[in-house]
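Next come the chains, spelled out residue by residue.
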Amino acid sequence: MTVNESKNYDEVEITINCPQIDNVLERLIKQINQLHRTLTGTRDGRTYSLFVDNVYYIESIDNRSFLYSEKDVYESDLKLYEIEQVLTGTHFIRVSKNLIVNTVLIDSVRALFNGKFEASLMNGEKVIVNRHYVKAFKEKFLT
């Protein structure tokens with residue numbers, strides 16, 4: 001890897017030279033892209049800009065969307081499907097009708113007896129992957 005640091009540069013530019021993009025490189029590219037995306041959330045009357053890589057999951061309750069970080073919860077003005085569109089091409093995936101999870105922040109997964117999965121997140125929380133979403137989840141999480 002080569003890193004050139006100089007005050008002559010105005011911004012960061014990342015160039016990848018490779019014979020072919022494999023699964024590992026594709027994941028790296030997605031992680032780099034995810035680092036620059038933000039979502040806006042409110043908490044205690046204040047509005048925050050949150051980097052999506054710090055968001056563990058997004059949940060919709062009573063037509064309101066909530067962004068869960070390691071320790072805090074923020075409310076978003078966007079609907080869940082709008083957030084899902086913003087997160088296209090990242091490590092986020094819908095795991096139920098009302099939940100989108102960041103697969104990078106999943107610590108472990110276990111199968112449940114009813115065809116569902118339970119994902120344990122790195123902050124200790126657990127989320128359920130409904131049967132309808134298991135196939136897509138496995139493809140995204142295991143690659």
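As the structure is a computational prediction, the values presented were derived from the model and not from experiment.

Here we take up the overall build of the protein chain. What the protein chain contains, in helices and strands, is three helices and ten strands. Counting from the amino terminus, helix and strand elements in the protein chain follow one another as α-β-β-β-β-β-α-β-β-β-β-β-α. Here the C-alpha coordinates of the protein chain stretch approximately 55 × 40 × 25 Å along the principal axes. Buried positions account for 31% of the 143 residues belonging to the protein chain. Across the protein chain, contacts joining residues at least 24 apart in sequence account for 41% of those joining residues at least 6 apart. Charged side chains in the protein chain number 18 positive and 20 negative. The centres of these two groups are separated by 8 Å.

Our focus in this paragraph is the sheet that holds strand E8 (residues 106–111). Sheet architecture is open: three strands sit in the order E8-E9-E10, paired in antiparallel fashion. Strand pairing shows two members of the sheet lacking a second neighbour, E8 and strand E10 (126–129), which therefore form its edges. Recorded for the sheet is a direction-independent mean angle of 25 degrees between the axes of neighbouring strands. When strand E9 (residues 117–121) meets E10, the two strands line up antiparallel, connected through four bridges. For Ser-120, the partnering residue across the bridge sits in E10 and is Lys-126.

Our next topic: unusual backbone geometry. Not every positive phi belongs to a glycine, and Asp-44 is a case in point at roughly 55 degrees. Along the chain, Asp-44 falls in the loop between strand E1 (38–43) and strand E2 (46–51). What makes Asp-44 exposed here is its relative accessible area of 69%.

Within the secondary structure, Gly-115 sits in the loop between E8 and E9. Along the backbone, Gly-115 and Val-129 are 14 residues apart, and their C-alpha atoms lie at a distance of 9.1 Å. If sequence neighbours within four positions are ignored, Gly-115 has contacts with Arg-131 and Val-134.

Looking now at the pattern of salt bridges. Scanning all chains against the criterion turns up five salt bridges. Residues Glu-75 and Arg-64 are paired through a salt bridge, measuring 2.9 Å at the closest nitrogen-oxygen approach. In this pair, Glu-75 sits in strand E5 (residues 73–76) while Arg-64 sits in strand E4 (residues 64–68), placing the two residues eleven residues apart along the sequence. One salt bridge connects Glu-118 with Arg-110, and the closest N-O pair in it is separated by 2.8 Å.

Here strand E3 (residues 57–61) lies mainly inside the structure; four of its five residues are buried. Two strands pair when backbone bridges link them, and E3 and E4 are joined in this way by five bridges, in the antiparallel orientation. Its bridge partner being in E4, Tyr-57 is matched across the sheet by Tyr-68.

What counts, and at which threshold
Residues numbered from 1 in each chain as written. Predicted model: local features only at pLDDT ≥ 70, side-chain atom pairs only at ≥ 80, totals over all residues. Heavy atoms only, no water. Helix = DSSP H or I, 4+ residues; strand = E, 2+ residues; numbered from the N terminus. Buried < 20%, exposed > 50% of the residue type's maximum accessible area, 1.4 Å probe, protein only. Contact = heavy atoms within 4.5 Å. Lys, Arg positive; Asp, Glu negative; His and termini not counted. Charge placed at Lys NZ, Arg CZ, Asp CG, Glu CD. Pairing = 2+ DSSP bridges. Axes fitted to C-alpha atoms, helices over the stretch in contact; angles between N-to-C directions. Salt bridge = Lys/Arg side-chain N within 4 Å of Asp/Glu carboxyl O.

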